[in-house]
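# Analysis of the macromolecular model
Next come the chains, spelled out residue by residue.
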Amino acid sequence: MTTIKLYGVEASRTFRNIWMLKELRLVYEHDPIAYNDKALKAPPYTDLNPNGRVPFIVVDGMPLFESLAINQYLADKFGGEVAAANAEERAQITQWSLWAATSVETDLGNWAYHTMFLPEAERKPEVAKQALENIKAPLAVLDGVLAKHEYLVGNRFTVGDLNVAAVCYRALGLDMPDKPHFKTWLAKCWSRPAALEARRARGDKV
Ligand SMILES: N[C@@H](CCC(=O)N[C@@H](CS)C(=O)NCC(=O)O)C(=O)O
């Protein structure tokens, strides 16, 4: 029998993997260790993820880190509609996952930190403003693609949508009337039952 153990507090990137585990209806153990817990920076945790960060997962003894790679692996291993159907779909899913991590994640994070998370005295409005400016172009790209296609890969919801929507989580709180296709797609992805469960797990009132 397969054993799956996920590590990381829900209110962290770990919720991306909780969403995927719930999409696939997998049974798993969970160690909700916090990202600022000192224990994360030492064995036995660093034996599993030498970065000392969450999330990471252990499936049948194999440790894996990087939230988006974990989701692609879970989809590949446990299959179903959300997985790539062939090498071409897998390539496109990887393309979108890497795109989200490199083109959107940092700026969206900076916007959220400097508008919501940091103590008010530490927030820098100019950083938030620049971050918002920076994400306009990549999100316009996404909006353009979603104007022509309901989903990113293969005309159905896949781990590609899940990974990009998960990275764009903070954009749920952004008013973007000029990006209607992106907003509709984001709301649709995040209203999936598994996505709502993942949000509730991190304390969102949804
Ligand atoms: N690219 C990694 C980022 C992992 C990451 O930075 N995790 C944060 C929590 S969301 C963390 O553990 N931070 C603690 C630290 O950097 O010491 C992923 O997507 O899994």
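Residues numbered from 1 in each chain as written. Predicted model: local features only at pLDDT ≥ 70, side-chain atom pairs only at ≥ 80, totals over all residues. Heavy atoms only, no water.

## Topic: the domain arrangement of the protein
- Each assigned domain of the protein is listed with its residue range as follows: domain 1 (4-78) and domain 2 (87-192).
- Here domain 1 and domain 2 have C-alpha centroids that lie 22 Å from each other.
- Of all residues in domain 1, Trp19, Leu68 and Gln72 bury the most surface against domain 2, accounting for 49% of the area lost on that side.
- The salt bridge involving Glu105 is made with Arg16; its shortest N-O contact spans 2.7 Å.
- Across the domain 1-domain 2 interface, the total number found is eight residue pairs in polar contact (both at pLDDT 80 or more).
- Where the side of domain 1 that touches domain 2 is concerned, the elements lending two or more residues are α1 (14-23) and α3 (67-78).
- Class assignment for the residues of the side of domain 1 that touches domain 2 results in five nonpolar, two polar and four charged. (Domains from an automatic or database assignment. Buried area = accessible area lost by both parts, 1.4 Å probe. Salt bridge = Lys/Arg side-chain N within 4 Å of Asp/Glu carboxyl O. Polar contact = N/O pair within 3.5 Å; in protein donor to acceptor, adjacent residues only side chain to side chain. Helix = DSSP H or I, 4+ residues; strand = E, 2+ residues; numbered from the N terminus. Nonpolar A, V, L, I, M, F, W, Y, C, P; charged D, E, K, R; others polar.)

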